Amino acid sequence: MPYPHATENDVIVRVHAAGFIAGELEWPGTWVDRAGHDRVASVPGHDVSGVVAELGYGTTGLTVGQRVFGLTDWCRNGSLAEYVAVEARNLAPLPADVDHTVAAALPISGLTAWQGLFDHGRLTTGQTALIHGAAGAVGAVAVQLAREAGARVIGTGRTADRDTALGLGAGAFLDLQTDPLEDAGEVDVVLDMIGGDHRGPMRRAS
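Anyway, here's the lowdown on the structure attached to this text. (Residues numbered from 1 in each chain as written. Predicted model: local features only at pLDDT ≥ 70, side-chain atom pairs only at ≥ 80, totals over all residues. Heavy atoms only, no water.)

Points about the pairing of strand E6 (residues 128–132)
Next, step 1: Here E6 lies mainly inside the structure; five of its five residues are buried.
Next, step 2: Burial along E6 is two-sided: the residues Thr128, Leu130 and His132 and Ala129 and Ile131 are all buried.
Next, step 3: In this fold, E6 hands off to helix H3 (residues 137–148), which returns the chain to strand E7 (residues 152–157); that crossover is right-handed.
Next, step 4: One ladder, built from four bridges, connects E6 with strand E9 (residues 189–192); its direction is parallel. If you follow leucine 130 over to E9, its bridge partner there is valine 190. (Buried < 20%, exposed > 50% of the residue type's maximum accessible area, 1.4 Å probe, protein only. Helix = DSSP H or I, 4+ residues; strand = E, 2+ residues; numbered from the N terminus. Right-handed = clockwise from strand over helix to strand, strands pointing away. Pairing = 2+ DSSP bridges.)

This is the structure:
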């Protein structure tokens, strides 16, 4: 792909690792711009980790050579290339002890988990969170975030997910194939990353 152009407040990132979700190929923004015009051939991928190669006009807060990670824009070329243009506000400094591959796995899953638990669920210390799909991409991050926030975490999933969920910090695990969901008792926040008819009766603690 051609080297991207850095517009105002942009950063050009030399990509070291990138994340890709198969469902992106069905998202309108993968194939059109904000005005709805065709954008083919396009580059998918939104999670990115790399090093700042260039700063666009007016860009502040980052420096050339700095390690960063974050999200590319939904309606521009993405991270599955050697270089990608990203708005500076969508990037964060990457600590030296975090591998690029690990960092590239975090942005979409991490933000989804954070927004679900704290922006929408208002989870606080001492509450109980029930996380469906606790061993999945979003669920695995959510378990760790909820635990670090001081919440009691109950994870759910399949039998093979038990050890993973407990290892991530869930205090209890329910096997959706064998355990009654009622065994969870009262919870304050439910983060459902599975969907479907598994949910059964749920009630909020008073």
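As for H3
Next, step 1: With twelve residues, H3 extends 17 Å between its outermost C-alpha atoms, agreeing within 8% with the 16 Å of an ideal straight helix rising 1.5 Å per residue.
Next, step 2: Among the residues of H3, those classed as buried are Val138, Gly139, Ala140, Val141, Ala142, Val143 and Ala146.
Next, step 3: On its buried face, H3 sits against helix H2 (107–120), E6, E7, helix H4 (162–168) and E9.
Next, step 4: Positioned one or two residues after H3, glycine 150 has a phi angle of 85 degrees, which is positive. (Expected span 1.5 Å × (residues − 1). Contact = heavy atoms within 4.5 Å.)

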